[in-house]
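What follows is each chain in one-letter form.
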Amino acid sequence: MLYTPSLIAVIIFFAFVGLTLGLSFYLARGAKSSQGYFAAHGQIPWFINGIAFAGDYLSAASFLGICGMIAFYGYDGFLYSIGYLAGWIVALFVIAEPIKRLGKFTFADALDAKFNSRGIKFVAGISTLVVSIFYLIPQMVGAGVLIQPLLGFPHWAGVLIVGTTVIIIVVTAGMVSTTWVQFLKGTLLVVFSTILTWMILDRGFDTSSTNYKGYTFQALHDITSPQTAPATITHPGGKTFDLVDTVATPFAGKPYLVYQQQGGNERLLFKADPTDSTTYLETQTISQTANLTFINNIPRGLGDNQANLQPVGHMARLPDGKTETGPLGPLQFLSTLQNSEVVLWGSEVIKEDDGTTHTIYYQKPTPGSQVLRPGETPTFKGIRSNDPFAKLDFISLMLALFCGTASLPHILIRYYTVKDAAAARKSTIVGIASIGFFYVLTLYIGLGAMTSGALDVTNSNMAAPLLARSFSELLFAMISAIAFTTVLGTVSGLILASAGAVAHDLVQSVGGIHLSDHEQVRLAKIASVVVGIIAILLGIIFEKMNVSYLVGWAFSLAASANLPSLVMLLFWKRTTKQGIIAAVTVGMISSLAWILLSADTYSKVYGLPADQALTPFSQPGIITIPLGFLTLIVVSLMTPRARELAIHQPGSSPAAS
Amino acid sequence: MKMTSQHWGMIFFFVYLIPYAAFVLLNAFRPDLMEQTPISGINLAILSGFGLIIGAFLLALLYGFLCKPPKQNS
């Protein structure tokens, strides 16, 4: 779908960028030392830090990816919300206080607190870089996805603007500016998502097939066979179409009625309603030749004699034959949808011998009870089959989401920005409250978008901003700008975690180079620029990748590489430095190898048949997380216990037995 | 025995782990059960999902309350 850039959106977007940059320059004087640059002097108030947790954690995958998945498929996207939130239980109850006591600047500090081992610093630093880069890619791709409808710029421009802004934020004031940008973003995201949800509930549902731009999708009734279809139809726009024989079209032998515009080129296809075979519903077709794109056989564009895809999403039927509900309560909204019928959209691709490709987007009226049940997305449909590997794949993903949060380096470094373990605990509770509340809202935002008449059938990631556009241009501008700050906040945290890994763990500890405080900060700034440039390049290269999928990979990697060592260090006295080095290495390599050899990577990245993949299912966590624990136990038992170093933090206690 | 925040943390972790594991396993092996609508016409999938999110918040609050440092006598 082509979008018309919005002036108000451009103004608000640049106001947001200006605000975050101004904040960073203002705060720059507070981040001259390494303690200030990496940990904001440990003086961030716990409540601010808690909201900043939300700003750090609620990434483009959460806001754009989950809402989009719910809008296109229903409940399955909410499974991600549940898994992401559940991961904070591990962070709060197991990790938060010990990691604050053990660490200083980075996750490697905590792992290495008892051993002073270069090997631990090295593997933890590499693990931080790998996890952060996997997480960075979808954020940068999300930035590019947003920039097109917002400013009308190409994908690469969005990636470049976000990358450059984040580099400036991180270079000027490190963790100080990153924290305040994340606090700002977390606050705005939760507040505006609440407003959006309130507007969705206030609008309720109706059964109109007219989208928010005023276009009405047509339905042809009482067609018992193609021969009984009307020979001529008149669209509400005034155009008249004649039924033609499909033999003369690229759709011969396919279940479509084809209508050709009288005196024009427009061609409309209708497909039978799966729930009522005597009703045929209007479709939308994108045809792609070597260098031209057509919509319903008319050149794509926004000018005269050009066509654009129409926004979609409406209710087919409401309970008790109603045509509209009026305002609904939160539970009433869900129970009404449960007993209604929603029009989802499917697609079919037809290829011609000359290389022309036709993608037909067709309406799929679907019972609400089906929309609100698990197992409707391509990702999770396996749980409704008898395939044990498909079920294991699902369990593996939910395990990775549960274990991954407390292992993400950019989340872990936020524990060093508060003054003590109690503040770490309290800020995590604030984080859980704000993140949990937001995830509840994702269900309403996604379902609201599904029935908003504003969805782009080709791009699920735009569901939330386009839902806002169905209410007002101003709200669209605000939500889009907030989505941008969503990317800014998360990417800032990731780049800072990566810079810390390079400057503090790899160069200083492993390279054996002693750096002064000032040199350490300067090196971290240089590392931020380099990682930022890498992120920009990857964001451009991976333009076509699914946003939320890569985040799932990052969680699996983090959980497999980092969690076994963190947990065992805290709860098993017999843990040795060799055990930690082996566990991080094995967890990281095994999960990475599993991902690269999985069916999803074969089909989505390599373009190879999925059945050629070497792993039986795609998500590695259920194998590689236990493998990390097992490796640590076996290697620790095979190696002698080293003399433990004293841990000097006041009020600290050694790892519990 | 005096309960430390670490002890409470482990107890609450397992208190949460059990329903989360049950939720995941039910979705994986009995997704049809998730279609039941036991309360107010809302299905079990949504009720259990809301329950896990709200439950996490309530457990976090309780944990925060139990881990408060004892008041010092001046």
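Numbers given to residues run from 1 along each chain, matching the order in which its sequence is written. Both sets of labels track the order of writing: A upward for chains, 1 upward for ligands. Given that this is a predicted model, residues contribute local features only at a pLDDT of at least 70 and side-chain atom pairs are listed and counted only at 80 or more, while totals for whole chains, interfaces and linings are drawn from all residues. Note that the side-chain values use all heavy atoms of the structure and ignore hydrogens as well as water.

This paragraph deals with the sheet that holds strand 9 (residues 298-299) of chain A. Hydrogen bonding along the main chain pairs the strands of a sheet, whether they run parallel or antiparallel. All names here are of chain A. Two strands make a pair as long as DSSP finds a minimum of two bridges between them. The secondary structure listing takes helices from DSSP runs of H or I that are at least 4 residues long and strands from runs of E that are at least 2 residues long, numbered from the N terminus. The sheet built from 6 strands is open, its strands ordered 9-8-7-12-11-10 with antiparallel pairing. Among the strands making up the open sheet, the edge pair consists of strand 9 and strand 10 (314-317). Sheet analysis places strand 7 (residues 284-288) next to strand 8 (residues 293-295), joined by 3 bridges and oriented antiparallel. Paired with Ser 287 across the two strands is Phe 294, which belongs to strand 8.

Residues and elements named next belong to chain A. Axes, fitted as lines to C-alpha atoms, cover a helix only where it is in contact. Angles between the N-to-C directions of the axes lie from 0 to 180 degrees. The interhelical angle for the contact between helix 4 (residues 60-73) and helix 13 (residues 421-450), taken along N-to-C directions, is 45°, at an axis separation of 7 Å. Taken together, the axes of helix 4 and helix 13 lie oblique to each other. For the pair helix 4 and helix 13, the sense of crossing is right-handed. Taken together, the residues of helix 13 that come into contact with helix 4 (itself represented by Ser 62, Phe 63, Ile 66, Cys 67, Ile 70, Ala 71 and Tyr 73) are Phe 438, Tyr 439, Thr 442, Leu 443, Ile 445, Gly 446, Leu 447, Ala 449 and Met 450. A per-class count over the contact of helix 4 with helix 13 returns 13 nonpolar, 3 polar and no charged. Roughly parallel here means an angle under 35 degrees, roughly antiparallel means over 145, roughly perpendicular means 65 to 115, and every remaining angle is called oblique. By convention the crossing between two helices is left-handed if the near helix lies anticlockwise of the far one by an angle smaller than a right angle, and right-handed if it lies clockwise. In this description, contact between two residues means that some pair of their heavy atoms is separated by no more than 4.5 Å. Ten residue types, Ala, Val, Leu, Ile, Met, Phe, Trp, Tyr, Cys and Pro, are classed as nonpolar, four, Asp, Glu, Lys and Arg, as charged, and the remainder, Gly among them, as polar.

The next subject is the pattern of salt bridges. All names here are of chain A. Between Lys or Arg on one side and Asp or Glu on the other, a salt bridge is scored when a side-chain nitrogen of the former is within 4 Å of a carboxyl oxygen of the latter. The tally for this structure, following the rule as stated, stands at 12 salt bridges over all chains. Here Glu 97 ties to Arg 425 by a salt bridge, and the two come within 3.3 Å at their closest N and O atoms. Remark: Arg 425 occurs in helix 13 and Glu 97 occurs in helix 5 (residues 76-102); sequence separation between them is 328 residues. Categorising residues by exposure relies on relative accessible area from a 1.4 Å probe, with only protein chains included: less than 20% of the type maximum marks a residue as buried, more than 50% marks it as exposed, and the intermediate range marks it as partly exposed. On the basis of relative accessibility, which here comes to 6%, the residue Glu 97 falls in the buried class.

A few words now on the domain arrangement of chain A. All names here are of chain A. All domain edges in this entry derive from an automatic or database-based domain assignment. What the domain assignment lists for chain A is domain 1 (8-202 + 406-543) and domain 2 (219-383). Every contact between the two is made by 24 residues of domain 1 and, on the other side, 31 residues of domain 2. At the junction of domain 1 and domain 2, the tally comes to 0 salt bridges. Those elements that provide at least two residues to the side of domain 1 that touches domain 2 are helix 4, helix 5, helix 8 (155-203) and helix 13. Taken together, the residues that form the side of domain 1 that touches domain 2 break down as 16 nonpolar, 6 polar and 2 charged.

Take the nonpolar core next. All names here are of chain A. Only buried residues count toward a nonpolar core. Its members are Ala, Val, Leu, Ile, Met, Phe, Trp, Tyr and Cys residues joined through side-chain atoms within 4.5 Å. Counting residues in each nonpolar core, the largest one holds 219 residues, and the members touching the most others are Tyr 57, Tyr 439 and Leu 447. If you count residues domain by domain, this core takes at least three from each of domain 1 (8-202 + 406-543) and domain 2 (219-383). Setting aside its immediate chain neighbours within four residues, Tyr 57 contacts Ser 62, Tyr 84, Trp 88, Tyr 135, Thr 405, Leu 408, Ile 411, Ile 435, Tyr 439 and Phe 555. Leu 220, Ala 229, Leu 257 and Phe 270 belong to the second largest nonpolar core, which has 10 residues in total.

Moving on, we come to the packing of aromatic side chains. All names here are of chain A. Stacked, edge-to-face and tilted labels apply to pairs of Phe, Tyr and Trp rings (six-membered ring for Trp) whose centres lie within 6.5 Å, assigned for plane angles under 30 degrees, over 60, and everything in between, in that order. Scanning the entire structure with this criterion turns up 39 aromatic pairs over all chains. Between Phe 13 and Phe 484, the ring centres sit 4.5 Å apart and the planes meet at 55°, which makes this aromatic pair tilted. Of this pair, Phe 13 sits in helix 1 (residues 7-27) while Phe 484 sits in helix 15 (residues 473-510), and the two are 471 residues apart along the sequence. Across the pair, Phe 484 and Phe 13 agree in class, each one buried. On the numbers, 5.1 Å between centres and 50° between planes, the contact of Tyr 84 with Phe 555 is tilted. One end of the pair, Tyr 84, is in helix 5; the other, Phe 555, is in helix 17 (residues 547-561), with 471 residues separating them in the sequence.

All names here are of chain A. As a packed pair, helix 3 (residues 46-57) and helix 8 sit with axes 7 Å apart at the nearest point and diverge in direction by 75°. As judged from the angle between their axes, helix 3 and helix 8 are roughly perpendicular. Of the residues in helix 8, those in contact with Ile 48, Ile 51, Ala 52, Ala 54, Gly 55 and Asp 56 of helix 3 are Thr 179, Trp 180, Gln 182, Phe 183, Lys 185, Gly 186 and Thr 187. Split into classes, the residues belonging to the contact of helix 3 with helix 8 amount to 6 nonpolar, 5 polar and 2 charged.

All right, on to the interface of chain B and chain A then. Across the boundary between the two partners, chain B contributes 39 residues, which contact 39 residues of chain A. Once two parts are joined, some of their accessible surface, as seen by a 1.4 Å probe, is lost; buried area is that loss totalled over both. A combined buried area of about 3,400 Å² lies between chain B and chain A, and 76% of that area is made up of carbon and sulfur atoms. When residues of chain B are sorted by the area they lose upon contact with chain A, Tyr 20, Phe 50 and Ile 53 of chain B head the list and together hold 18% of the total. Between chain B and chain A we count 2 salt bridges in total. A salt bridge links Glu 35 of chain B to Arg 384 of chain A; the nearest nitrogen and oxygen atoms lie 3.1 Å apart. We define a polar contact as two N or O atoms separated by no more than 3.5 Å, with the added condition that, inside protein, one atom must be a possible hydrogen donor and the other a possible acceptor, whereas residues neighbouring each other in sequence contribute only through side-chain atom pairs. Counting every contact that joins chain B to chain A gives 9 residue pairs in polar contact (both at pLDDT 80 or more). Every element with two or more residues in the side of chain B that touches chain A is listed here: helix 1 (5-29) and helix 2 (44-66) of chain B. Among the elements that take part in the side of chain B that touches chain A, helix 1 of chain B stands out by supplying 15 residues, more than any other. Its residues assigned to classes, the side of chain B that touches chain A comprises 26 nonpolar, 10 polar and 3 charged.

What follows deals with unusual backbone geometry. Residue and element names in this part refer to chain A. At Asn 297, a position not held by glycine, the phi torsion is positive, near 75°. Looking at the element boundaries, Asn 297 is found in the loop between strand 8 and strand 9. By relative accessible area, which is 26% here, Asn 297 ends up partly exposed. Positive phi is not limited to glycine here, since Asp 320 has a value of about 60°. Relative to the assigned elements, Asp 320 resides in the loop between strand 10 and helix 9 (330-338).

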